[in-house]
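Residues per chain are reported as follows:
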Amino acid sequence: MLENCLDPDIAKLPNEFIVYGGTGRAVRDYESLHRIKDALRSLEDNETLLIQSGKPVGIFLTNRMAPRVLMSGTMLVPKWCTWETYFELAKKNLTTFGQSTAASWSYIGTQGIMQGTWETFKQVSMEHFAGTLSGKLILTSGLGEMGSAQPIAVTANGGVCLVVDVDKQVVKKRLHTSMIDIMAESLDEALDYIQDFVQRKEPLSIGLVGNAADIYEQILTRSIKPDVVTDQTPAHDVYNSYIPTGVKPEEAASLRESNPEHYEQLIRITLARHLKTMISFMKKGSVVFDYGNNIRGAAKKAGVIDAFCFPNFITKYLRPLFCEGRGPFRWIALSGDPEDIYKTDDVILKLFPYDQKLREWVEFVQQRFTFHGLPARVCWLNFEERPLFGQVINEMVRSGKLSAPIAITRDHMDAGSVASPYRETEKMLDGSDAIADWPVLNALLNASCGATLVGIYQGGGVGIGYSIHSGMSIIADGSETAQEKLNLVLKWDPGLGIVRYADAGYPVARKNLRQKGFKIPGNEGTSYD
Ligand code: NAD
């Protein structure tokens, strides 16, 4: 799984161990990578390797039910939890930024984010446009490792998507790998296509080279009102990754170095323009949401007082799913054989025939997607479906229907695994947005249940100081021990999410808690009536 994250087909900058999301690293440095790989090759079934922010620090005698790998990543004592302190410490090679699934070696390339993005745009279409984006214009930006899932997710839901990215090479790469349908030479050309395809109600995705702040303003000035406006520039780490206007991506590093104050000022100006334009679109009637990059937080720091006047995508579209313990369940064929995944695709559709959205997704992803790195699949399943499917996978490995073990994992953006007040836990019913006990409990619970890898991390998605989240992977190797662990881990990992949302007062989560046999102290399993 570690090598898969760093596969050149998957990782953003494999030579620097950067996997995705700005500078999200899988390991600290070259030496750590090799020491980790050596340790994993010789690790016994009753030993646990400990990793401190991407560096291996010890192998401990534990037991067969314990995780083989435990991690803590980018953790800083709260008072010191700022980008400034992080940079100082990273410079001394004492820590590294792991984003989310880069740190926990469970990144599977664009398909991982593709499912979440598909799910989001599906929910957007259901909430605002009677279930389809047909004849609708979606304006967004950022064609990076995560952002490039947007155009496909929009067109799969029938819409027209204009995606702005400042880096010409990135736009070309996305055209070359069919992540966008066409690359427009100018805004005029893009708008001609948009008018045509929106009118004909046909899907199309267009990549346009430009700075989002500039292009959004130009679109607003022409009195064009996109139906949906969002953004996936790397605003979680504005200083290192977000490009200010007037600066070419290849000039950014030297300008940062030669004149940091000027550079910071340019960023502030760009962010303010970028966000104010999004607010103007909202005022004109566009559906506007923050797509998980903390652009509102960055813009607020840059002086936009009402930066938080539009919601983030999770609060608005995905939280109801988390209340059912439904979230991004991933599995990876360690054989490297795509057939192993196709066989599990057939099984999942037979196992959950009532889930029409699941069928649509599997059929779509099979037609539209080629595997990068190890063949993998991601589907949103609830807390009862996950252990059931895990059992079936383990049985398929045991009986030889699959040619090798399967790694089962998930995104950190899941029901019970994250505290992130500008994303997953924004505007919680009981005001518990910044309570970070839940992801810590989630990691501890997963370790107790026997997950193969468990980690707890800080700063993923929204940047240093803004989130705490946990990762989990478990290997289905066909053994009875795996069966026992899968049953526990795959149920209670999302199950804790139901407890968390019930505790915050969400009626659907409370109903699940009541009906699904959770044991709550003092209530004998029937808490929250
Ligand atoms: P990335 O670093 O791989 O790519 C960012 C892209 O944005 C690059 O192609 C860059 O050229 C472009 N860009 C930078 N500044 C720009 C500007 N001003 N105008 C136009 N384009 C610009 O990042 P990524 O992995 O795609 O992630 C994007 C953001 O989404 C990050 O902030 C990440 O933390 C966040 N994120 C989102 C989710 C989610 O579920 N939606 C999950 C995790 C992270």
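Criteria and thresholds
- Per chain, residues are indexed from 1 in the order of the written sequence.
- Local features in this predicted model are restricted to residues whose pLDDT is 70 or higher, and side-chain atom pairs enter the listing and the counts only when it is 80 or higher, whereas totals over whole chains, interfaces and linings include all residues.
- In computing side-chain properties, one takes all heavy atoms of the structure into account and sets aside hydrogens as well as water.
- Residues are labelled near a given molecule or strand when at least one of their non-hydrogen atoms is within 4 Å of it.
- As used in this structure description, the phrase polar contact means that two N or O atoms lie within 3.5 Å; if the pair is within protein, one of them must be able to donate a hydrogen and the other to accept it, and residues adjacent in sequence are counted only when both atoms belong to side chains.
- Only the protein chains shown count as cover for residues, with accessible areas throughout obtained via the Shrake-Rupley method and a probe of 1.4 Å.
- The residue classification treats Ala, Val, Leu, Ile, Met, Phe, Trp, Tyr, Cys and Pro as nonpolar and Asp, Glu, Lys and Arg as charged. All others, Gly included, are polar.
- The term nonpolar core refers to a set of buried residues drawn from Ala, Val, Leu, Ile, Met, Phe, Trp, Tyr and Cys, joined through side-chain atoms within 4.5 Å.
- Using a 1.4 Å probe on the protein chains alone, a residue whose accessible area is under 20% of its type maximum counts as buried, one over 50% counts as exposed, and one in between counts as partly exposed.
- Secondary structure elements follow DSSP: runs of H or I of four or more residues count as helices, runs of E of two or more count as strands, with numbering from the N terminus.
- Where each domain starts and ends comes from a domain assignment, either automatic or drawn from a database.
- The rule for a salt bridge is simple: a side-chain nitrogen of Lys or Arg has to be within 4 Å of a carboxyl oxygen of Asp or Glu.
- Only centres within 6.5 Å qualify two rings of Phe, Tyr or Trp (six-membered ring in Trp) as a pair; their planes then separate them into stacked at under 30 degrees, edge-to-face at over 60, and tilted for everything else.
- Definition used: whenever NZ (Lys) or CZ (Arg) falls within 6 Å of the ring centre and also within 35 degrees of the ring normal, the charge is taken to sit over that ring.

Undergrad: Explain the site of the ligand to me, please; I cannot follow it from the model alone.
TA: Around the ligand sit 32 residues, and of these Lys12, Asp165, His236, Ile243 and Gly461 come closest. Backbone polar atom of Gly22 to an oxygen atom of the ligand: 3.1 Å apart, as the coordinates give it. Separating a nitrogen atom of the ligand from a backbone N or O atom of Ile243 is a distance of 2.9 Å. Within the complex, 95% of the 870 Å² of free accessible area of the ligand lies under protein. Of the residues contributing to the shell around the ligand, the split by class is 12 nonpolar, 15 polar and five charged.

Undergrad: Just checking my understanding: could you explain the nonpolar core for this structure?
TA: As a rule of thumb, nonpolar side chains are buried together in soluble globular proteins. Counting 86 residues, the largest nonpolar core has Phe289, Trp331, Ile348, Trp361, Ile393 and Ile408 as its most contacted members. No other element matches the nine residues that helix H17 (residues 480–503) contributes to this core. Split by domain, this core shows at least three residues from each of two domains, domain 1 (111–310) and domain 2 (318–516).

Undergrad: Hey, could you run me through the pattern of salt bridges in this one?
TA: If the charged atoms of two oppositely charged side chains come close together, the side chains can form a pair. Inspection of every chain in the model, using the stated rule, returns 27 salt bridges. The partner of Arg410 in a salt bridge is Asp414, and the shortest N-O contact between them spans 3.8 Å. Across the pair, Asp414 and Arg410 agree in class, each one buried. The closest approach of N and O atoms between Asp493 and Arg410, which form a salt bridge, is 2.7 Å. Here Arg410 lies in strand S14 (residues 406–410) and Asp493 lies in helix H17, a separation of 83 residues in the sequence. Overall, the relative accessible area of 1% leaves Arg410 in the buried class. When salt bridges that share partners are traced, they join Glu324, Arg326, Asp355 and Glu385 into one network.

Undergrad: What exactly am I supposed to notice about the packing of aromatic side chains here?
TA: To describe a pair of aromatic rings, you give the distance between the ring centres and the angle between the ring planes. If you walk through the whole model with that rule in mind, you get 26 aromatic pairs. Where Tyr20 meets Tyr107, the ring centres are 4.4 Å apart and the plane angle is 5 degrees; that geometry is what we call stacked. With Tyr20 in strand S1 (residues 18–20) and Tyr107 in the loop between helix H3 (83–91) and helix H4 (110–128), this residue pair connects regions lying 87 residues apart in the sequence. We note that Tyr20, like Tyr107, is buried. Each ring, one from Trp83 and one from Tyr86, has its centre 5.8 Å from the other, and the planes form 85 degrees; the classification is edge-to-face. Taken together, the residues Trp83 and Tyr86, both in helix H3 and three residues apart, mark about one turn of the helix. The burial state of Trp83 is the same as that of Tyr86; both residues are buried. An aromatic cluster of three or more residues is present, and its members are Phe121, Phe289, Tyr291, Phe313 and Tyr317. Taking NZ or CZ as reference, Arg200 lies 4.7 Å from the ring centre of Phe197, over its face.

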